[in-house]
Amino acid sequence: YLCKFDIVVILLFIAIIKTALPNMDREAKEEYLVVIQAKDMGGHSGGLSGTTTLTVTLTDVNDNPPKFAQSLYHFSVPEDVVLGTAIGRVKANDQDIGENAQSSYDIIDGDGTALFEITSDAQAQDGIIRLRKPLDFETKKSYTLKVEAANVHIDPRFSSRGPFKDTATVKIVVEDADEPPVFSSPTYLLEVHENAALNSVIGQVTARDPDITSSPIRFSIDRHTDLERQFNINADDGKITLATPLDRELSVWHNITIIATEIRNHSQISRVPVAIKVLDVNDNAPEFASEYEAFLCENGKPGQVIQTVSAMDKDDPKNGHYFLYSLLPEMVNNPNFTIKKNEDNSLSILAKHNGFNRQKQEVYLLPIIISDSGNPPLSSTSTLTIRVCGCSNDGVVQSCNVEAYVLPIGLSMGALIAILACIILLLVIVVLFVTLRRHKNEPLIIKDDEDVRENIIRYDDEGGGEEDTEAFDIATLQNPDGINGFLPRKDIKPDLQFMPRQGLAPVPNGVDVDEFINVRLHEADNDPTAPPYDSIQIYGYEGRGSVAGSLSSLESTTSDSDQNFDYLSDWGPRFKRLGELYSVGESDKET
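The following paragraphs examine the structure supplied in this document.

### Considering the sheet that holds strand S13 (residues 188–193)
Turning to step 1, where the next piece is worked out: Strand order in the open sheet formed by 4 strands is S13-S20-S19-S16, and the pairing between neighbours is mixed. Every other strand in the sheet has two partners, leaving S13 and strand S16 (217–221) as the edge strands with one partner each. In this sheet, neighbouring strand axes are inclined to one another by 30 degrees on average, regardless of whether the strands run parallel or antiparallel.
Turning to step 2, where the next piece is worked out: Here S16 pairs with strand S19 (residues 253–262) via 5 bridges, running antiparallel. Within S19, the position partnered with Arg218 by the bridge is Thr261.

Pasting the structure below:
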């Protein structure tokens, strides 16, 4: 087979572009457009050609130093500005871009290097001047700073072009502001003795107005820190005086706050803490540290330590406490006890002899004088109670009560306890017996509602109470004549006093009981001495002579057959069915 192939040959030519001029400057022109033409046949006539446009962009190098826009900057700031506040900004321009344009700012000279600082803003590429320390217009009114801006990244190929940094001068003017008073010290420590006289001067605080106008100052005490008003202060000179007596034993330290206010501008105030320490004065006598009670065994030995006591003093001397102990002058030659001072500032009480007996004397009182080492020394007398007790052979206290007077009879402690228990038991039995007898005499209450024998019938009348059975006259309901007003009033006490009624005669045989009862009722109704006198008898009698007549169906003399129910049909549709029923009943009876 014969095959036909087309062979295509592509020739690739590479052109190298070089700069024609040295020291090209990106800051002058960053991009260049180059038109390139390619011809075949070596550029001879009849050859073909093609063109293209090539864009050449110059990259940046750090070949330009930073430059301040102005050589002198002016700023003003009030003297009461808060620390860290930005006072102003300075900026050095750099024609380079990117990191080649980054600059750092520093204060290299000036009279305010300690009061101001400058930081770099990476975004805005400027320097921010901030306050480091407080300003005082009265001390210094202006400051001058020399600020430097330098490139962060330096290309050594262009170091010969000079230093890549620039400087500028910053002048800062301090403006006057109305400042609060300033105390001569940030804190005050005062001392006063606890026996200081009232209105005596404890100390003084001072303050001044730092402004040029120098307003007068008025002092006062913050009463929230002196609720008991123990101190006063002179509003003009700041002298603190004592208003109430002090007691170091109650409170050693008092912390108050003094306020200084400008008279011309009351909004300008300052505060300072004042600590007042109360110094000790020997004004408290020593005394026993606690309530001591000593126990002495009957079989004790002479010279035996009965009790060791210690003393206390509310005062606080500088060299510590030192106490002196002694007996009363009239008891120096006490035949029973003696005292001994110990090295630890305590006191031991010793027995001089043995053979103490509770039957002769059960309790001994030993007054002891305690003195301190203060100036002047103070003393007090404390009494130690020594109780004679029965002890075992090894000195253990067993009993200190009146048992000693009972034991000679032959009764032991166990026997006394048994007798006491029996007495208590008998008392309990007697109490239970009395209680049972009292409950036995009380009447039984029948709670059965069906037992009608004990039912109490109460009526809704306003009489002498629920238990007043004589306030209700049942005869009035049965006697129609009671409504005629002949019955006496029982709600008031009668003026005339009747003689008591004679005793009731026996009822003769054959007498009508109904007549007898009526006679007795008549006598009781007409007796004004019969209680109660505060009952109002009002009854509604519906009997003989009533307009309404009797409502009882038992006394009805008529029957259903004598009645005509035709009127039910005239009452409307609702009573129609009822009328038919009664009509049917009547018709049935007729048939």
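### Examining unusual backbone geometry
Turning to step 1, where the next piece is worked out: Here the bond from Asn375 into Pro376 is cis, since omega is 0 degrees, no more than 30 degrees from zero.
Turning to step 2, where the next piece is worked out: Secondary-structure assignment places Pro376 in the loop between strand S27 (363–371) and strand S28 (379–391).
Turning to step 3, where the next piece is worked out: Of note, the phi angle at Arg229 is positive, near 50 degrees, even though the residue is not glycine.
Turning to step 4, where the next piece is worked out: For Arg229, the position within the fold is in the loop between S16 and strand S17 (231–233).
Turning to step 5, where the next piece is worked out: Of note in the backbone geometry, Asn345 takes a positive phi value of approximately 70 degrees without being a glycine.
Turning to step 6, where the next piece is worked out: In this structure, Asn345 sits in the loop between strand S25 (337–341) and strand S26 (346–351).
Turning to step 7, where the next piece is worked out: A relative accessible area of 15% means that Asn345 is categorised as buried.

### Let's talk about a nonpolar patch on the surface
Turning to step 1, where the next piece is worked out: Residues Tyr567, Trp571, Phe575, Leu578, Leu581 and Tyr582 make up a contiguous nonpolar surface patch of about 580 Å² in total accessible area.
Turning to step 2, where the next piece is worked out: Among the secondary structure elements, Tyr582 is positioned in helix H5 (residues 576–590).

### Considering the packing of aromatic side chains
Geometrically, a pair of aromatic rings is defined through the distance of the ring centres and the angle of the planes.
Turning to step 1, where the next piece is worked out: Going through the model one piece at a time under the given rule, you end up with 9 aromatic pairs.
Turning to step 2, where the next piece is worked out: Where Phe183 meets Phe219, the ring centres are 6.4 Å apart and the plane angle is 50 degrees; that geometry is what we call tilted. Taken as a pair, Phe183 in strand S12 (residues 182–183) and Phe219 in strand S16 lie far apart in primary sequence, 36 residues in all. As far as the burial class goes, Phe183 and Phe219 line up, both buried.
Turning to step 3, where the next piece is worked out: Linked through ring pairs, Phe68, Tyr73 and Tyr105 together constitute an aromatic cluster.
Turning to step 4, where the next piece is worked out: Its end group placed over the ring of Tyr143, Lys140 keeps NZ or CZ at 5.4 Å from the ring centre.
Turning to step 5, where the next piece is worked out: For Lys341, the ring lying beneath its charged end belongs to Tyr322, and the centroid distance is 4.3 Å.

### Here we look at the pattern of salt bridges
Turning to step 1, where the next piece is worked out: For the coordinates displayed, the defined rule picks out 10 salt bridges.
Turning to step 2, where the next piece is worked out: Here Arg387 and Glu293 are joined by a salt bridge, their closest N and O atoms 3.0 Å apart. Taken together, the residues Arg387 in strand S28 and Glu293 in strand S22 (residues 293–297) connect sequence positions 94 residues apart.
Turning to step 3, where the next piece is worked out: Judged by relative accessible area, which is 23%, Arg387 ranks as partly exposed.
Turning to step 4, where the next piece is worked out: Judged by relative accessible area, which is 35%, Glu293 ranks as partly exposed.

### With respect to the environment of Leu365
Turning to step 1, where the next piece is worked out: Its location among the elements puts Leu365 in strand S27.
Turning to step 2, where the next piece is worked out: Take Leu365: its relative accessible area is 56%, and that puts it in the exposed class.
Turning to step 3, where the next piece is worked out: The spatial distance from the C-alpha of Leu365 to the C-alpha of Ile386 is 6.2 Å, given a sequence separation of 21 residues.
Turning to step 4, where the next piece is worked out: Once residues lying within four places of it in the same chain are set aside, the contact partners of Leu365 are Met331, Thr383, Leu384 and Thr385.

### Digging into the pairing of S13
Turning to step 1, where the next piece is worked out: Of the two faces of S13, the one holding Tyr188, Leu190 and Val192 is buried and the one holding Leu189, Glu191 and His193 is not buried anywhere.
Turning to step 2, where the next piece is worked out: Looking at chain direction, S13 and strand S20 (residues 269–279) are connected through 6 bridges and run parallel. Opposite Leu189, over in S20, you have Ala275 as the bridge partner.

### Let's talk about the state of the cysteines
Turning to step 1, where the next piece is worked out: Under the criterion given, the structure shown has 2 disulfides.
Turning to step 2, where the next piece is worked out: In this model Cys297 forms its disulfide with Cys391; the gap between the sulfur atoms is 2.0 Å. For the disulfide bridge between Cys297 and Cys391, the dihedral angle about the S-S bond is near -85 degrees, and by the sign convention the bridge is left-handed. With Cys297 in strand S22 and Cys391 in strand S28, this pair connects stretches of sequence that are 94 residues apart.
Turning to step 3, where the next piece is worked out: Looking at Cys297, the relative accessible area reads 10%, which means it is buried.
Turning to step 4, where the next piece is worked out: Going through the protein chain in sequence order and numbering each bonded cysteine, the pairs you get are 1-3, 2-4.

### Here's the deal with the side chain of Asp94
Turning to step 1, where the next piece is worked out: When you line up the elements, Asp94 lands in the loop between strand S6 (92–93) and strand S7 (103–110).
Turning to step 2, where the next piece is worked out: Within the structure, the side chain of Asp94 is placed 2.8 Å from the side chain of Asn151, a separation counted as a polar contact.
Turning to step 3, where the next piece is worked out: What Asp94 contacts, discounting residues up to four positions off in sequence, is Asn64, Pro65, Pro66, Asn100, Ala101 and Asn151.

### A look at the nonpolar core
Turning to step 1, where the next piece is worked out: Counting 25 residues, the largest nonpolar core has Ile306, Phe337, Ile349, Leu366, Ile368, Leu384 and Ile386 as the members making the most contacts within it.
Turning to step 2, where the next piece is worked out: A per-element tally of this core places S27 first, with 5 residues.
Turning to step 3, where the next piece is worked out: In this structure, Phe68, Val90, Ala92 and Ile129 belong to the second largest nonpolar core, which totals 24 residues.

### Focus on the pairing of strand S24 (residues 324–327)
Turning to step 1, where the next piece is worked out: Going residue by residue along S24, you find Tyr325 and Leu327 tucked away on one face and Leu324 and Ser326 left uncovered on the opposite face.
Turning to step 2, where the next piece is worked out: One ladder, built from 4 bridges, connects S24 with S27; its direction is antiparallel. Each bridged residue has a counterpart across the sheet, and for Leu324 the counterpart in S27 is Ser371.

### Observations concerning the sheet that holds S17
Turning to step 1, where the next piece is worked out: Ordered by their spatial adjacency, 3 strands build an open sheet running S14-S18-S17, and the pairing between neighbours is antiparallel. Whereas interior strands pair on both sides, the edge strands pair on one side only; in this sheet they are strand S14 (201–204) and S17. Within this sheet the neighbouring strands show an average axis-to-axis angle of 25 degrees, counted without direction.
Turning to step 2, where the next piece is worked out: Summarising the sheet, S17 and strand S18 (residues 239–242) pair through 3 bridges and their orientation is antiparallel.

### Digging into the side chain of Gln230
Turning to step 1, where the next piece is worked out: Within the secondary structure, Gln230 sits in the loop between S16 and S17.
Turning to step 2, where the next piece is worked out: For Gln230, a relative accessible area of 11% translates into the label buried.

Reading the values: the criteria
- Think of each chain on its own: its residues are numbered from 1, step by step along the sequence as written.
- Thresholds applied to this predicted model are a pLDDT of at least 70 for local features of residues and 80 or more for the giving and counting of side-chain atom pairs; totals over whole chains, interfaces and linings are not thresholded and use all residues.
- The basis for the side-chain values is all heavy atoms of the structure; hydrogens and waters are excluded.
- Pairing between strands is defined by DSSP: at least two bridges between the two strands are required.
- The helix count covers DSSP runs of H or I at least four residues long, the strand count covers runs of E at least two residues long, and both are numbered beginning at the N terminus.
- Angles shown run from 0 to 180 degrees and are taken between the N-to-C directions of axes, each axis being a line fitted to C-alpha atoms and, for helices, limited to the stretch in contact.
- The classification of residues rests on relative accessible area computed with a 1.4 Å probe and restricted to protein chains. Under 20% of the type maximum is buried, over 50% is exposed, and intermediate values are partly exposed.
- A residue counts toward a patch only above 30% relative accessible area and without a salt bridge, and it is joined to like-charged neighbours within 9 Å or, for Val, Leu, Ile, Met, Phe, Trp and Tyr, to nonpolar neighbours within 5 Å.
- Throughout, the Shrake-Rupley method with a 1.4 Å probe supplies accessible areas, and for residues the shown protein chains are the sole cover considered.
- Note on definitions: salt bridges are taken to be side-chain nitrogens of Lys or Arg within 4 Å of carboxyl oxygens of Asp or Glu.
- The criterion for an aromatic pair is that two Phe, Tyr or Trp rings (for Trp, the six-membered ring) have centres within 6.5 Å, with stacked assigned to planes under 30 degrees apart, edge-to-face to planes over 60 apart and tilted to the rest.
- Here, a charge over a ring is recorded when the distance from Lys NZ or Arg CZ to the ring centre is within 6 Å and its angle to the ring normal is within 35 degrees.
- We call two residues in contact whenever any of their non-hydrogen atoms come within 4.5 Å of each other.
- Any cysteine sulfur atom paired with another within 2.5 Å is treated as part of a disulfide.
- The definition of a polar contact used here is a pair of N or O atoms within 3.5 Å, where within protein one atom must be able to donate a hydrogen and the other to accept one, and adjacent residues in sequence count solely through side-chain atom pairs.
- Among the buried residues, those of types Ala, Val, Leu, Ile, Met, Phe, Trp, Tyr and Cys that are joined through side-chain atoms within 4.5 Å form a nonpolar core.

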